[in-house]
2 protein chains.
Amino acid sequence: MPRSPTGHRVTMIDIAEAAGVSKSTVSLVLQGSPLVKADTRDKVLNAIDTLGYVYNRGAASLRNARTNLVGMVINDLANPFFAELAVGIERVFQTAGYIPFIANTAESPTRQAEVLRSMREHDIAGLILCPARGTRQGDLDAIITGGLPLVLAMRRVAGVKASSVTPDNFRGARRATEYLLELGHRRIAFIGGYADMTAQTERCGGYRAALEAAGLPVDGTMVIEGPTTRETGAAAIEQLLSLGAPPTAALCFNDVVALGANDALRRRGLATGADFSLVGFDDIREARHMWPPLTTVAVDTLSLGEKAAHAMLRMIHGDSRRDDYLGDVTLMMRDSAGHPKAV
Amino acid sequence: MPRSPTGHRVTMIDIAEAAGVSKSTVSLVLQGSPLVKADTRDKVLNAIDTLGYVYNRGAASLRNARTNLVGMVINDLANPFFAELAVGIERVFQTAGYIPFIANTAESPTRQAEVLRSMREHDIAGLILCPARGTRQGDLDAIITGGLPLVLAMRRVAGVKASSVTPDNFRGARRATEYLLELGHRRIAFIGGYADMTAQTERCGGYRAALEAAGLPVDGTMVIEGPTTRETGAAAIEQLLSLGAPPTAALCFNDVVALGANDALRRRGLATGADFSLVGFDDIREARHMWPPLTTVAVDTLSLGEKAAHAMLRMIHGDSRRDDYLGDVTLMMRDSAGHPKAV
DNA sequence: ACCTGAATTTGGAACGTTCCAAACGATAGT
DNA sequence: ACTATCGTTTGGAACGTTCCAAATTCAGGT
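My aim in this report is to walk through the structure given alongside it, one point at a time. None of these values were measured; they are calculated from a predicted model. (Residues numbered from 1 in each chain as written. Chains lettered and ligands numbered in written order. Predicted model: local features only at pLDDT ≥ 70, side-chain atom pairs only at ≥ 80, totals over all residues. Heavy atoms only, no water.)

**Here's the deal with the overall build of chain A**
Scanning chain A from terminus to terminus reveals twelve helices and twelve strands. Relative to the compact-globule value of 20 Å for 343 residues, chain A shows a C-alpha radius of gyration of 26 Å, a clear excess of over 25%. Each principal axis of the C-alpha atoms in chain A carries an extent, and together these give about 90 × 40 × 30 Å. Counting over 343 residues, chain A shows a buried share of 57%. About 14000 Å² of surface is accessible on chain A, with carbon and sulfur atoms providing 53% of the total. Computing the positive centroid from 37 side-chain charges and the negative centroid from 37, chain A places the two 3 Å apart. (Helix = DSSP H or I, 4+ residues; strand = E, 2+ residues; numbered from the N terminus. Rg over C-alpha atoms; globule rule 2.2 N^0.38 Å. Buried < 20%, exposed > 50% of the residue type's maximum accessible area, 1.4 Å probe, protein only. Areas by Shrake-Rupley, 256 points an atom, 1.4 Å probe, with all protein chains shown as cover. Lys, Arg positive; Asp, Glu negative; His and termini not counted. Charge placed at Lys NZ, Arg CZ, Asp CG, Glu CD.)

Quick look at the structure:
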């Protein structure tokens, strides 16, 4: 913090003295009030930048609530998907005059609790949360009862009554699975995520639904849980290919998992799309750049982010209606999925 | 913010009343002071969570300065490289008890100014900045003279005396260029970035140095500036291949640019690594997953992030020495660079 | 019962802002 | 000259915390 010659923080009072006015006048200037005479304003403005004054928003909000801070708490910033989501959200807030601050929980509920607490202590206007795996209702009800506007993004939390913005996971996964079935696959695996994440149950549910509709059994050994990382994808491939009757295709929980699976296939000398088919979820930018380009379920990340931001703004402006937005999904058919080798 | 039954924010005074003690005692409890008797502490703690009290850090820092907030301002969060950097930084702060807040400037100095102002107004303990392109000394000297601990990451700003953490851009680029020369290339392009970014002048400088050392001329039409995006990479390839004597290889400013260039080559039906060689910079995770795996200069992102965080912590703890850390670089030879086709 | 020192607890000023009610200065109308 | 009015400016209380000095309680001698 900038300090005056006498060693303490430069405050409005210092400015007032330097400009020969009262602190009230300085306050008015800072708020852009039309009441102050033009040349008084100039004197004040001058003093402000010769002294290097920095507005103390903490002190201000002590008197008058309202902040322009919005928190975005993200479970995995290293996943490009969430980075893209964050960018969509930011764009909206920026034009609305809010400053979004991002924090990463790296999928740790403990970390999430810390971050959430810190954000509330700093008196944010609202919170967009992509909950870490393992988040329970109890972790959030302090926020709910506190009346802080909350939008859940990508994942919901059982029992928590908050607005949410998610892609249509069920339909996306069912469509992807149907596509694999159309290609002729009969043994299809599902890789990644944990059954305690809403996104996983929905995606895995769509997968099961498609299989059942086709009259195929759902084989438990074909559903492999794990963190949504490359490593999970790679390990799952190893595990699946050592099965007695290995699958010929897999639907991955998301593109990052698919990336890992693709690596493992290549290491084994198998051609993705020909020897083994892979479908991802999210359609991150990398999906079309990897080799082969990944067939995946696109979720329109940017507009999902914008929807979340708009929902937030509505709540900040006093509209307390809950709203669950289900984003459109579309299957992007690229080259990582093809007909099974041995039909 | 949580409100008491009477409608106002729940404060320490409410807690004090509910617990039958004074506000001072509540304050002591909140600070974990050993002075308070165990059962008083319990009474207070109880009141706190039945009333849903939220600590008001703004009010607190009004009295006693010190914050546990650190700002991280990043010029392009959509570039996985910076996301990885952020993760490295976070890891350190987390264990040190600081909460890093991330903001994205999307390479816009205007946006950066807003974000910087907001962060200072919220009284952060320090700032790690990856400056947006076009940041000038004047944009930062309010921060410097204000005495806020500042670490510049990845890019420096001419004239700004602040600690910095950057990879050894010059050496990395020279090494990469030498490698292309060893492979037999004689016409080598440099793609991406602008000459007003320190990182670009250093990388491009390394490229020139290698060419000159080999007795080759530096051809201005072979150096293509542009934002560090995929689009730049793609457009550059189009432009370069339409030259009278097109290059046979290119060093890209970073991996994202290389990704774009690789796409453009594929669209043209050229095989990267055989028909045209590409070298990137950064070694983002995607680099080894794209096709073909990208030859690139690895910068050890994680430890760069950790170095930045440690430099920051030192400054926060009062050590005001400037420190310029130059991170090690190593060339990762993968498949996107090979011998030129027509030697 | 009384004194002493240690262990706890407390009132109040201070931090930097906002906002209200009131004051001020200039101008114009009588 | 006096008042009303308008446009500006201002003092001071309040916001929720911390921290100091002082007050209170407690236990153990005597």
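**Describing the interface of chain B and chain A**
The extent of an interface is frequently quoted as the accessible surface area lost upon association of the parts. Facing the 47 residues of chain B at the interface are 47 residues of chain A. In this assembly, chain B packs against chain A so that about 4600 Å² is buried in total across both faces, 55% of it on carbon and sulfur atoms. Of all residues in chain B, Arg111, Glu121 and His289 of chain B give up the largest surface area on contact with chain A, accounting jointly for 15% of the area buried on that side. Where chain B packs against chain A, one counts eight salt bridges. The salt bridge partner of glutamate 286 of chain B is arginine 230 of chain A, with a shortest N-O separation of 3.5 Å. There are eleven residue pairs in polar contact (both at pLDDT 80 or more) connecting chain B and chain A. Every element with two or more residues in the side of chain B that touches chain A is listed here: helix H4 (57-64), helix H5 (80-96), strand S2 (99-104), helix H6 (109-121), helix H10 (230-241) and helix H11 (255-267) of chain B. (Contact = heavy atoms within 4.5 Å. Buried area = accessible area lost by both parts, 1.4 Å probe. Salt bridge = Lys/Arg side-chain N within 4 Å of Asp/Glu carboxyl O. Polar contact = N/O pair within 3.5 Å; in protein donor to acceptor, adjacent residues only side chain to side chain.)

**Quick notes on the protein's contact with DNA strand D**
For DNA strand D, the set of nearby residues contains 28 residues, the closest of which are Lys23 and Thr25 of chain A together with Met12, Ser27 and Tyr53 of chain B. The sugar and phosphate moieties of DNA strand D supply 67% of its atoms located within 4 Å of the protein. Between DNA strand D and the protein, one listed contact pairs a base nitrogen with a backbone N or O atom of alanine 59 of chain B at 3.3 Å. At the level of elements, helix H2 (23-30) and helix H4 (57-64) of chain A together with helix H2 (23-30) and H4 of chain B are the ones that each hand at least two residues to the surface near DNA strand D. Broken down by element, the surface near DNA strand D gets its largest block of residues, five residues, from H4 of chain B. A breakdown of the residues in the surface near DNA strand D according to their chemical character gives eleven nonpolar, ten polar and seven charged. (Near = heavy atom within 4 Å. Nonpolar A, V, L, I, M, F, W, Y, C, P; charged D, E, K, R; others polar.)

**A short note on the relation of the copies chain B and chain A**
For the pair chain B and chain A, the relating rotation is 180 degrees, the translation along its axis is 0.0 Å, and the fit reaches an RMSD of 0.1 Å. Taken together, the rotation and translation describe the operation of a two-fold axis. Looking at the interface residues of chain B, 100% of them are also at the interface in chain A, so both copies use one shared face. (Least-squares fit on C-alpha atoms with pLDDT ≥ 70 in both.)

**Quick word on unusual backbone geometry**
Residue and element names in this part refer to chain A. In this structure, the amide linkage connecting tryptophan 291 to the following residue, proline 292, adopts the cis form with an omega of -5 degrees. Within the secondary structure, proline 292 is located in the loop between strand S9 (277-282) and strand S10 (295-298). Here the phi dihedral of aspartate 300 falls at roughly 55 degrees; this positive angle occurs in a residue that is not glycine. In this fold, aspartate 300 is placed in the loop between S10 and helix H12 (301-316).

**What to know about the protein's contact with DNA strand C**
Near DNA strand C lie 28 residues; those nearest to it are Met12, Ser27 and Tyr53 of chain A together with Thr25 and Thr40 of chain B. For DNA strand C, the backbone portion of the atoms within 4 Å of the protein, that is sugar and phosphate, comes to 66%. Residue serine 24 of chain A places a side-chain N or O atom 3.3 Å away from a base nitrogen belonging to DNA strand C. One of the side-chain N or O atoms of serine 27 of chain A is found 2.5 Å from a phosphate oxygen in DNA strand C. Elements that contribute at least two residues to the surface near DNA strand C include exactly H2 and H4 of chain A together with H2 and H4 of chain B. Among the elements that take part in the surface near DNA strand C, H4 of chain A stands out by supplying five residues, more than any other. Taken together, the residues of the surface near DNA strand C break down into eleven nonpolar, ten polar and seven charged.

**Brief notes about the nonpolar core**
Note that soluble globular proteins tend to have their nonpolar side chains buried in a common cluster. If you look at the biggest cluster of nonpolar residues, it comprises 152 residues, and the most contacted ones within it are Phe93, Ile128 and Tyr207 of chain A together with Phe93, Ile128 and Tyr207 of chain B. In this structure phenylalanine 93 of chain A touches Val70, Tyr98, Pro100, Ile128, Ala309, Met312 and Leu313 of chain A, once residues within four positions along its chain are discounted. In this structure, Leu140 of chain A together with Leu69, Ile143 and Leu148 of chain B belong to the second largest nonpolar core, which totals 38 residues. (Core = buried A, V, L, I, M, F, W, Y, C linked by side-chain atoms within 4.5 Å.)

**A few points about the sheet that holds strand S8 (residues 249-252) of chain B**
All names here are of chain B. Here six strands make up an open sheet; going across it, the order is S7-S6-S8-S9-S10-S12 and the pairing mixed. Both outer strands of the open sheet, strand S7 (223-224) and strand S12 (330-332), are each paired with one neighbouring strand and no more. Direction of pairing for strand S10 (residues 295-298) relative to S12: antiparallel, over a ladder of three bridges. Its bridge partner lying in S12, alanine 298 is registered against threonine 330. Packed on one face of the sheet, H10 meets strand S6 (188-191) and S7 and runs near 150 degrees to S6. (Pairing = 2+ DSSP bridges. Axes fitted to C-alpha atoms, helices over the stretch in contact; angles between N-to-C directions.)

**What about the pattern of salt bridges?**
Here the idea is simple: oppositely charged side chains can pair when their charged atoms come close. Scanning the entire structure with this criterion turns up 44 salt bridges over all chains. Its salt-bridge partner being arginine 171 of chain A, residue aspartate 168 of chain A comes within 3.1 Å of it at the nearest N-O pair. As a salt-bridge pair, aspartate 283 of chain B and arginine 334 of chain B come within 2.5 Å of each other at their nearest N and O atoms. Taken as a pair, aspartate 283 of chain B in the loop between strand S9 (277-282) and S10 and arginine 334 of chain B in the segment after S12 lie far apart in primary sequence, 51 residues in all. Its relative accessible area of 17% is what places arginine 334 of chain B among the buried residues.

**Some details on the sheet that holds strand S12 (residues 330-332) of chain A**
Residues and elements named next belong to chain A. In space, the six strands of this open sheet follow the order S7-S6-S8-S9-S10-S12, with mixed pairing throughout. Only two strands of the sheet have a single partner each, and these edge strands are strand S7 (223-224) and S12. Relative to S7, strand S6 (residues 188-191) runs parallel, the two being bridged by two bridges. The partner of phenylalanine 190 across the bridge, within S7, is valine 223. Across the face of the sheet, helix H10 (residues 230-241) comes into contact with S6 and S7 while running at roughly 150 degrees to S6.

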